[in-house]
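Commentary on secondary and tertiary structure
Listed below are the residues making up each chain.
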Amino acid sequence: MTVAEDAKKHGLHRVGARPALVEYLKQTWTRRDFIYELAKARLQAQNESNRLGMVWVVLKPTFNAIMYGFIFGVLQGGRRGEDFPVFVVIGVFLFEFFTTSMNGGAKSITGNSALVQSLAFPRLSLPVAQVTQNFLTLVPMLGVMFIYALVLGTTPKWTWLMVIPLVLIFSVFNMGVALVCARITVHVRDFTNLLPLIGRVLFFTSGVLFSVDTILGQWPWLVAAFDYHPLYQTLTIARAMIMDGVEYDPQSWLIVCLWAVFSLLLGLIYFWKAEERYGRAD
């Protein structure tokens, strides 16, 4: 009888062994208080060394919106469309949530190697805590985004409330992306050097700063491809819910939901498959 067979006979399990997926999710759920407190603590500590503290949570995307809005507003000229400032603010603020989830998720395991190697717990807790932290950061940003929309002349309406379920769906999508990036970084540490480039490419190809119909109208096939772009469709719905006179295809909700479910399932399974590898992260 081998050692493994003898251990199994007496109900012993290998340290760090990967549990079944359902059991893995249950273990993670039992640590939901830890995940929330970790996210909250990191959010509080994120800018405590800065004089303005948490104000930077709002100032950073605000400055980005002003800078990119001015530059691309000038470049697009008469093609930039009506309510362009509100258009840019919505795009930049929501895209900030995506990039911080992607970048933070990628470093959630490798950036906590001491914790990963010292304690036995579902490693899924770390990327979930990261996305939770980014969600908590997004909440005040959304409030400021609505204030900017009012100041810039947008009429408040009941559809603004639809941003809440949209953000929840977007959070599910971001969670899946964070999980995929977390595992890739464990295998390929240089991946973190590519993330800024990936984020920049997505920023300029997700309709954050321009209307696809206006800028790419001469290529109908390319415009049609954006109908299935998860980031673009999320921004399109948000703008239709907030801005005045913006129309959208209700089917966009189905598209973002399907992307969110696919992203989360892919991320969970892909991340869970390498659970035993994370304990050896250095």
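The structure displayed is predicted, hence computed values, not measured ones.

1. Observations regarding a nonpolar patch on the surface
- Together, Trp-158, Leu-161, Ile-164 and Leu-168 make up a nonpolar patch on the protein surface, roughly 500 Å² of accessible area in all.
- Owing to a relative accessible area of 48%, Leu-161 belongs among the partly exposed residues under this scheme.

2. Some details on the pattern of salt bridges
- What the rule picks out here adds up to 2 salt bridges.
- In this structure, the salt-bridge partner of Glu-37 is Lys-40, at a minimum N-O distance of 3.7 Å. With Glu-37 and Lys-40 both in helix H3 (residues 32-46), this residue pair falls 3 residues apart, about one helical turn.
- Classification of Lys-40 as partly exposed rests on a relative accessible area of 28%.

3. With respect to helix H12 (residues 230-242)
- Under the 1.5 Å per step criterion, the end-to-end length of H12 is 19 Å for 13 residues, consistent within 8% with the ideal 18 Å.
- The element H12 is extensively covered by neighbouring structure, given that 13 of its 13 residues are classed as buried.

4. So, the nonpolar core
- The biggest cluster of nonpolar side chains holds 48 residues, and the ones touching the most others in it are Ile-90, Leu-94, Phe-98 and Ile-242.
- At the level of elements, helix H4 (56-76), helix H5 (84-106), helix H7 (125-151), helix H8 (163-187), helix H9 (191-204), H12 and helix H13 (251-273) are the ones that each hand at least two residues to this core.
- The biggest single contributor to this core is H5, with 14 residues.
- In this structure, Leu-94 is in contact with Leu-138, Leu-142, Phe-170, Leu-235 and Ala-238, ignoring residues within four places of it in sequence.
- Counting 21 residues, the second largest nonpolar core, distinct from the first, contains Ile-109, Val-128, Ala-274 and Tyr-278.

5. Let's talk about the environment of Asp-249
- With respect to the helices, strands and loops of the structure, Asp-249 is situated in the loop between H12 and H13.
- Overall, the relative accessible area of 44% leaves Asp-249 in the partly exposed class.
- On a C-alpha basis, the gap between Asp-249 and Thr-236 in space is 9.2 Å, while along the polypeptide they are 13 residues apart.

6. Observations concerning empty space enclosed by the protein
- Tallying each qualifying case throughout the model produces 1 cavity of 30 Å³ or more.
- Of the volumes computed, that of the largest cavity is approximately 50 Å³.
- Together, Leu-166, Ile-169, Phe-170, Phe-173, Pro-230, Thr-234, Val-256, Trp-259 and Ala-260 line the largest cavity.
- Listing elements by their share of the lining of the largest cavity, those giving two or more residues are H8, H12 and H13.
- Ranked by residue count, the leading element in the lining of the largest cavity is H8, at 4 residues.
- When the residues that make up the lining of the largest cavity are grouped by side-chain class, the tally is 8 nonpolar, 1 polar and no charged.

The rules behind these values
- Numbers given to residues run from 1 along each chain, matching the order in which its sequence is written.
- Residues qualify for local features only when their pLDDT is at least 70, as the model is predicted, and side-chain atom pairs are given and counted only at 80 or more; totals for whole chains, interfaces and linings, by contrast, use all residues.
- Side-chain calculation: all heavy atoms of the structure are included, whereas hydrogens and water are not.
- The patches reported here contain residues having more than 30% relative accessible area and no salt bridge. Joining distances are 9 Å for like charges and 5 Å for nonpolar side chains (Val, Leu, Ile, Met, Phe, Trp, Tyr).
- Areas reported here follow the Shrake-Rupley algorithm with a probe of radius 1.4 Å; residue values treat only the protein chains shown as occluding.
- Whenever a carboxyl oxygen of Asp or Glu lies within 4 Å of a side-chain nitrogen of Lys or Arg, that contact is scored as a salt bridge.
- Residue burial is assigned from relative accessible area. The probe radius is 1.4 Å, only protein chains are included, and a residue is buried under 20% of its type maximum, exposed over 50%, and partly exposed in between.
- Runs of E in the DSSP output that reach at least two residues are strands. Runs of H or I that reach at least four are helices, and both are numbered from the N terminus.
- Multiplying one less than the number of residues by 1.5 Å gives the expected span of a helix.
- To define a nonpolar core, start from buried Ala, Val, Leu, Ile, Met, Phe, Trp, Tyr and Cys residues and group those joined through side-chain atoms within 4.5 Å.
- In what follows, residue pairs with any heavy atoms lying within 4.5 Å of each other are defined as contacts.
- Only protein atoms enter the 1 Å grid, on which a cavity is a set of points fitting a 1.4 Å probe that cannot get out and a pocket is an open set with protein on both sides within 12 Å along at least 5 of 7 lines, lining residues being those with an atom within 4 Å of a point.
- Grid points are joined across faces, edges and corners, and a volume is the space filled by probe spheres set on the points.
- Think of it as three bins: nonpolar holds Ala, Val, Leu, Ile, Met, Phe, Trp, Tyr, Cys and Pro, charged holds Asp, Glu, Lys and Arg, and polar takes everything else, Gly as well.

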